[in-house]
Amino acid sequence: MSVAIKEHSAPIIGINRHRLLTDGEGISTLVAFHGCPLRCRYCLNPHSLDAEENWERYDCQTLYNKTQIDSLYFLATNGGVTFGGGEPCLRSEFIRSFRELCGKDWLLTVETSLNVPQEHVERLLPVVDRYIIDIKDMNPDIYQRYTGKSNEAVLCNLHLLTDSGRRDSITVRIPIIPGYNTEEDRTKSVHQLEAMGLSRFDLFAYITSKTKTP
């Protein structure tokens, strides 16, 4: 094991095995990293925003040892490890080092907002097989009100992926977010994404007990 792999570690808030057809094809293990640049009004994983010291840190070798017990399932079903969070792209060095350990046979997927500095996405291009992108909404005003942040980096990174020939490895999640966007808004988002050559969409709606307003 290289020194670089030994040095990379990250706080992980959950490891969920035997996920079937939840994160793409096959059986996968979801590894959720701590930390997120967004502050979504309906955060689906608020633990990712807790104090970092509350969570156990894993180095790549420890995580590989914990996930490789399901290698036969991954290979038999075209599955692998899905990195989520939080925002997994912020752990790009860790993921790149993990690929060195697991080799090319496992599919590596990231569930990401893409709202990260572009160097992280560039670093992941050679090692990530599939991208599940939670786009929220393509409208910059809706995105800003819901997440508290601009979607400028999202669009730049999305263009980087499509320009790099990764359209077929991208699934875009576009939710209806009560109090923030509508079916019409989502349709507009789909049309914009189709114009970029994207065709795989996961359309759903957030179910909330109480609608928050901006």
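Residues numbered from 1 in each chain as written. Predicted model: local features only at pLDDT ≥ 70, side-chain atom pairs only at ≥ 80, totals over all residues. Heavy atoms only, no water.

Enquirer: How should I be thinking about the overall build of the protein chain in this particular structure?
Expert: Along the backbone of the protein chain there are eight helices and eight strands. Here the C-alpha radius of gyration of the protein chain, 17 Å, is about what a compact globule of 214 residues would show, namely 17 Å. Summarising its shape, the C-alpha atoms of the protein chain cover approximately 50 × 40 × 30 Å along the three principal directions. Expressed as a percentage of its 214 residues, the buried residues of the protein chain come to 47%. The contacts in the protein chain between residues at least 6 apart in sequence include a share of 71% that link residues at least 24 apart. Accessible surface, the protein chain as shown: approximately 10400 Å² in total, 49% of it carbon and sulfur. Between the centroid of the 24 positive side chains of the protein chain and the centroid of its 28 negative side chains there is a distance of 2 Å. (Helix = DSSP H or I, 4+ residues; strand = E, 2+ residues; numbered from the N terminus. Rg over C-alpha atoms; globule rule 2.2 N^0.38 Å. Buried < 20%, exposed > 50% of the residue type's maximum accessible area, 1.4 Å probe, protein only. Contact = heavy atoms within 4.5 Å. Areas by Shrake-Rupley, 256 points an atom, 1.4 Å probe, with all protein chains shown as cover. Lys, Arg positive; Asp, Glu negative; His and termini not counted. Charge placed at Lys NZ, Arg CZ, Asp CG, Glu CD.)

Enquirer: Would you mind showing me how to read the confidence of the model for the protein chain here?
Expert: Caution applies to low-pLDDT parts of the model: their predicted coordinates are not meant to be read in detail. Per-residue confidence for the protein chain gives a mean pLDDT of 92; residues scoring 70 or more make up 94%. Across residues 1-6, confidence stays below pLDDT 50; counting only partners more than four residues off in sequence or on other chains, it has nine contacts. (pLDDT = per-residue confidence, 0-100.)

Enquirer: I tried to follow the nonpolar core on my own but got confused; where do I start?
Expert: Considering soluble globular proteins, one finds that nonpolar side chains tend to be buried as a cluster. The biggest cluster of nonpolar side chains holds 48 residues, and the ones touching the most others in it are Phe83 and Phe98. For Phe98, the contacting residues outside a window of four places in its chain are Cys60, Leu63, Tyr64, Thr67, Val81, Phe83, Trp106 and Leu108. (Core = buried A, V, L, I, M, F, W, Y, C linked by side-chain atoms within 4.5 Å.)

Enquirer: Help me understand helix H6 (residues 140-147) in this model?
Expert: An α-helix turns once every 3.6 residues. As a result, residues three or four positions apart point the same way. Inspection of H6 places Ile142, Tyr143, Tyr146 and Thr147 among the buried residues, and these make up the whole buried set. End-on, the buried residues of H6 take up no more than an arc of 105°, which puts them together on one face. Looking at the buried side of H6, the elements it contacts are helix H7 (152-163) and helix H8 (183-195). The residue sitting at the N-terminus of H6 and contributing the capping side-chain oxygen is Asn139; that oxygen lies 2.8 Å from the backbone nitrogen of Asp141. (Arc of directions from axis to C-beta. Polar contact = N/O pair within 3.5 Å; in protein donor to acceptor, adjacent residues only side chain to side chain.)

Enquirer: Sorry if this is basic, but what is going on with the side chain of Asp185 here?
Expert: Of note, Asp185 is situated in helix H8. Buried charge without a partner: Asp185 forms no salt bridge, and the closest opposite charge is Lys188, 5.0 Å away. Setting aside residues no more than four positions away along its own chain, Asp185 makes contact with Asp137, Ile142 and Tyr180. (Salt bridge = Lys/Arg side-chain N within 4 Å of Asp/Glu carboxyl O.)

Enquirer: I tried to follow the packing of aromatic side chains on my own but got confused; where do I start?
Expert: Two numbers describe a pair of aromatic rings. These are the distance of the centres and the angle of the planes. This structure, assessed with the given rule, holds 13 aromatic pairs. Consider the rings of Tyr42 and Tyr206, whose centres lie 6.4 Å apart with planes at 85°: the pair is edge-to-face. One end of the pair, Tyr42, is in the loop between strand E2 (27-33) and strand E3 (57-59); the other, Tyr206, is in the segment after strand E8 (201-205), and 164 residues separate them in sequence. Side by side, Tyr42 and Tyr206 carry an identical accessibility label, which is buried. Consider the rings of Tyr146 and Tyr180, whose centres lie 5.3 Å apart with planes at 70°: the pair is edge-to-face. On the criterion of sequence distance, the pair formed by Tyr146 in helix H6 and Tyr180 in the loop between strand E7 (170-176) and H8 is long-range, its members being 34 residues apart. (Phe/Tyr/Trp six-rings, centres within 6.5 Å; stacked < 30°, edge-to-face > 60°.)

Enquirer: How should the pairing of strand E1 (residues 9-20) be read in this particular structure?
Expert: Residues in a regular strand project their side chains so that they alternate between the two faces of the sheet. For E1 and E3, the ladder comprises three bridges, and the chain directions are antiparallel. Directly across from Ala10, in E3, lies its bridge partner Tyr58. Here E1 pairs with E2 via six bridges, running antiparallel. Looking at E2, one finds that Gly14 is bridged to Ala32. The hairpin turn running from E1 into E2, its antiparallel successor, is six residues long, and Leu21 in that turn takes a positive phi close to 60°. (Pairing = 2+ DSSP bridges.)

Enquirer: Is there a simple way to explain the sheet that holds strand E5 (residues 107-112) in this structure?
Expert: By definition, the strands of a sheet pair up through backbone hydrogen bonds, in either a parallel or an antiparallel sense. The eight strands lie next to each other as E3-E1-E2-E4-E5-E6-E7-E8, forming an open sheet whose pairing is mixed. The outermost strands of the open sheet, each flanked by one partner alone, are E3 and E8. Along the sheet, successive strands turn relative to each other by an average axial angle of 30°, direction set aside. As defined by bridge partners, E5 adjoins strand E6 (residues 130-134) across four bridges and the pair is classed as parallel. Paired with Thr109 across the bridge in E6 is Arg130. Sheet strands touched by H8: E7 and E8. Its angle to E7, the strand with the most contacts, is close to 165°. (Axes fitted to C-alpha atoms, helices over the stretch in contact; angles between N-to-C directions.)

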